Amino acid sequence: MKNWFCNWDWTRAMSLVVSVLVWISAVGTVATLTTAYPPEALAQNYNKENLLGADFSGRDLTQASFNHANLRKSNLSHANLQGASLFAAHLEEANLEGANLSNTTLDTARFIKANLKNAILEGSFAFSAKFNGANIEGADFTDVFLRDDATEILCELATGTNPVTGRNTRDTLYCD
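Parameters and conventions
Residues numbered from 1 in each chain as written. Predicted model: local features only at pLDDT ≥ 70, side-chain atom pairs only at ≥ 80, totals over all residues. Heavy atoms only, no water. Phe/Tyr/Trp six-rings, centres within 6.5 Å; stacked < 30°, edge-to-face > 60°. Helix = DSSP H or I, 4+ residues; strand = E, 2+ residues; numbered from the N terminus. Buried < 20%, exposed > 50% of the residue type's maximum accessible area, 1.4 Å probe, protein only.

Draft legend 1. Highlighting the packing of aromatic side chains. Considering all chains together, one arrives at eight aromatic pairs under this definition. Between Y46 and F66, the aromatic rings sit 4.8 Å apart at their centres with planes inclined by 10°, giving stacked as the arrangement. You can see Y46 sitting in the loop between helix 2 (10-36) and helix 3 (148-157) and its partner F66 sitting in the loop between helix 2 and helix 3, a full 20 residues away along the chain. Overall, F66 belongs to the buried group, its relative accessible area being 0%.

Draft legend 2. Spatial organisation of unusual backbone geometry. For E93, which is not glycine, the phi torsion reads 60° and is therefore positive. With respect to the helices and strands, E93 occurs in the loop between helix 2 and helix 3. On the basis of relative accessible area, E93 is assigned to the partly exposed category, the value being 45%. Located in the positive-phi region is T108, a residue other than glycine, with phi close to 60°.

The values reported here are purely geometric and, on their own, carry no functional implication.
This is the structure:
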């Protein structure tokens, strides 16, 4: 009987083993990526979109991007917008009641006549944002970076206490 072990093509066998290991590694990586990052958790991009009157109420929009988007008269009430970017977004008459806008970029956004009742804006960057005529009853502006003129306008409107954070709106704006 011949010794099959001596006649074995070890180069071909090792090549086959390496190919199988590479395939298993690739399948494991794909499985890890799809498990660790489900599509609903990935940030959404709405930059420059016309979303006039859109309904995003109650949605998880964590780290979504709405740069230069038209969100006039849109409903974002009770939405989670933590870490989102609303740079230069048009939010005139938008409903953001109870929305979580913590750590968002709101620079040059327009909240004219918007409803920010009980919204949380903690840690957001809102330099040059416009809030003329906005409802900010119970909104939390803790550590929000604002221009002095915007703070003056907001202090004229500030009333209430945020039901989630327990902070007084006037205190979070350092109103006199």
